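# A closer look at the structure
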Amino acid sequence: MSWIRQSDEKKSSTRILVEKIIKEGKIPSHIAIIMDGNRRFARKNGLSSVQMGHSLGFETLANTLEWCSHFGITTVTVYAFSIENYKRSEEELAGLWNIVREKMNRLFQEEGKLREKGVRVRILGNLSLLPKDIQKLVSRAMKMTLNNNQATLNVCLSYTSREEIAQAMKKCAQGVQDGIILSSDIDERVLERCLYTADEHGYNPPQLLIRTSGEVRLSDFLLWQSSFSVLSFVRVLWPEFSVWHFYGVLLHFQSCWGEVSKLLEEHKKNIEELDEREILEIVSRDCIKCCDTELNQKVKDYKEDRQIRLNNFFQWLNRRREETIESMLL
Ligand code: FPP
Ligand code: MG
């Protein structure tokens, strides 16, 4: 099964109409998916192994990517393997790694198609925990698609959100220790640039997060990034997820986004206000007898200096990301 599908099936008039209606509304630019229920699907349908459930899960992923592309959804982030999943049986892990190997090799064959569609593939998580050969494959895939810039597929592999946040804190601490930033420069906007999901262009959280299988929890997936996402819990197992379920979650998203986006805008405003207050407090400490004009100038200088420090820090983060990929290729 290919990563890039181009369905030539003829759509029914009902589907054409439903798509037309959905396209009248807001379409999320980034969706995240917890693809849950592969093993239950395998058991329910008497398949010979859970690996078959995971393979069918990949087919559903490829279909979903095609539907996303059709609706102009440019970033998709999927939960493919949690750090908790290392506790699964040897047999299941071996099967999962074989699927990853097979799919990565398929991806290399599809380099041209990915370039044509401008799809960048990123593998996110603590990649040092992965088997060595998989580390090589995923780093090769990331390097191969690095310059594609029309759409991004983030595959979270060896990932949990709490580990991601802890790693982000370590990066901030390292930045302070190396004298690149000051501890007072760290706020949520800086921390989120250190998350695995951020890239050289910045931080881009999902507007819609979907979980299949009927489980109503996040299982340590994108805990930070989903603060202002519409959450859609769908009561089907991942291999059963069809285009009609996809239409359903888009319509659910459209009914909720107005409220959620207002909260997001309010939050951004609050952050700006808090920041202004904090800067004023920092600057005032060394400027007790300053008049307003002097104080305003000091605030302006402080902001400029901070921006320089932050730009250096973001460049340092980018170099670290590139070095991680290079080191895994060896
Ligand atoms: C969750 O269902 C699914 C997984 C842990 C694996 C998902 C992996 C794929 C679909 C393959 C992806 C591969 C690439 C290269 C992107 P589950 O195993 O938790 O099933 P259950 O909830 O029924 O137990
Ligand atoms: Mg599960």
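Residues numbered from 1 in each chain as written. Chains lettered and ligands numbered in written order. Predicted model: local features only at pLDDT ≥ 70, side-chain atom pairs only at ≥ 80, totals over all residues. Heavy atoms only, no water.

Helix and strand counts for the protein chain stand at ten helices and six strands. Scaling as 2.2 N^0.38, a compact globule of 330 residues should have a C-alpha radius of gyration of about 20 Å, and the protein chain matches this with 22 Å. C-alpha extents for the protein chain along the principal axes are approximately 80 × 50 × 35 Å. Only carbon and sulfur atoms are counted for the fraction: they give 51% of the accessible area of the protein chain, which is about 17300 Å². Each charge class in the protein chain was averaged separately, 47 positive and 46 negative side chains, and the resulting centres sit 4 Å apart. (Helix = DSSP H or I, 4+ residues; strand = E, 2+ residues; numbered from the N terminus. Rg over C-alpha atoms; globule rule 2.2 N^0.38 Å. Areas by Shrake-Rupley, 256 points an atom, 1.4 Å probe, with all protein chains shown as cover. Lys, Arg positive; Asp, Glu negative; His and termini not counted. Charge placed at Lys NZ, Arg CZ, Asp CG, Glu CD.)

This brings us to the pairing of strand β5 (residues 208-211). In β5, alternate side chains face the same way, and those of Leu-208 and Ile-210 on one face and Leu-209 and Arg-211 on the other are all buried. Looking at chain direction, strand β1 (residues 30-34) and β5 are connected through four bridges and run parallel. Paired with Ile-34 across the two strands is Arg-211, which belongs to β5. Relative to strand β6 (residues 230-233), β5 is paired through four bridges, and the arrangement is parallel. Within β6, the residue paired with Ile-210 across the bridge is Ser-232. (Buried < 20%, exposed > 50% of the residue type's maximum accessible area, 1.4 Å probe, protein only. Pairing = 2+ DSSP bridges.)

Strand pairing in a sheet takes place through backbone hydrogen bonds and is either antiparallel or parallel in direction. Strand order in the open sheet made by the six strands is β3-β4-β2-β1-β5-β6, with parallel pairing throughout. One side of each edge strand has no neighbouring strand; the edge strands of this open sheet are β3 (119-124) and β6. The sheet shows a mean angle of 20 degrees between the axes of neighbouring strands, direction not considered. Set on the sheet, helix α6 (residues 132-144) makes contact with β3 and β4 (151-159); between it and β3 the angle comes to about 145 degrees. (Axes fitted to C-alpha atoms, helices over the stretch in contact; angles between N-to-C directions. Contact = heavy atoms within 4.5 Å.)

What follows covers the pattern of salt bridges. Taken as a whole and assessed by the stated rule, the structure comprises 28 salt bridges. With a closest N to O distance of 3.2 Å, Arg-106 and Glu-110 form a salt bridge. Under the relative-accessibility criterion, Glu-110 is labelled buried at 4%. A salt bridge links Arg-189 to Asp-275; the shortest N-O distance between them is 3.2 Å. On the criterion of sequence distance, the pair formed by Arg-189 in helix α8 (residues 188-193) and Asp-275 in helix α9 (residues 243-285) is long-range, its members being 86 residues apart. Within the structure, one salt-bridge network assembled from shared partners comprises Asp-36, Arg-40, Arg-211, Glu-215 and Arg-217. (Salt bridge = Lys/Arg side-chain N within 4 Å of Asp/Glu carboxyl O.)

Turning to α9, a few remarks are in order. For α9, built from 43 residues, the straight-helix expectation of 63 Å at 1.5 Å per residue is met to within 8% by its first-to-last C-alpha distance of 59 Å. In α9, a bend of some 50 degrees at Trp-257 exceeds every other bend along the element. (Expected span 1.5 Å × (residues − 1). Bend = angle between axes of the 7 residues up to and from the residue.)

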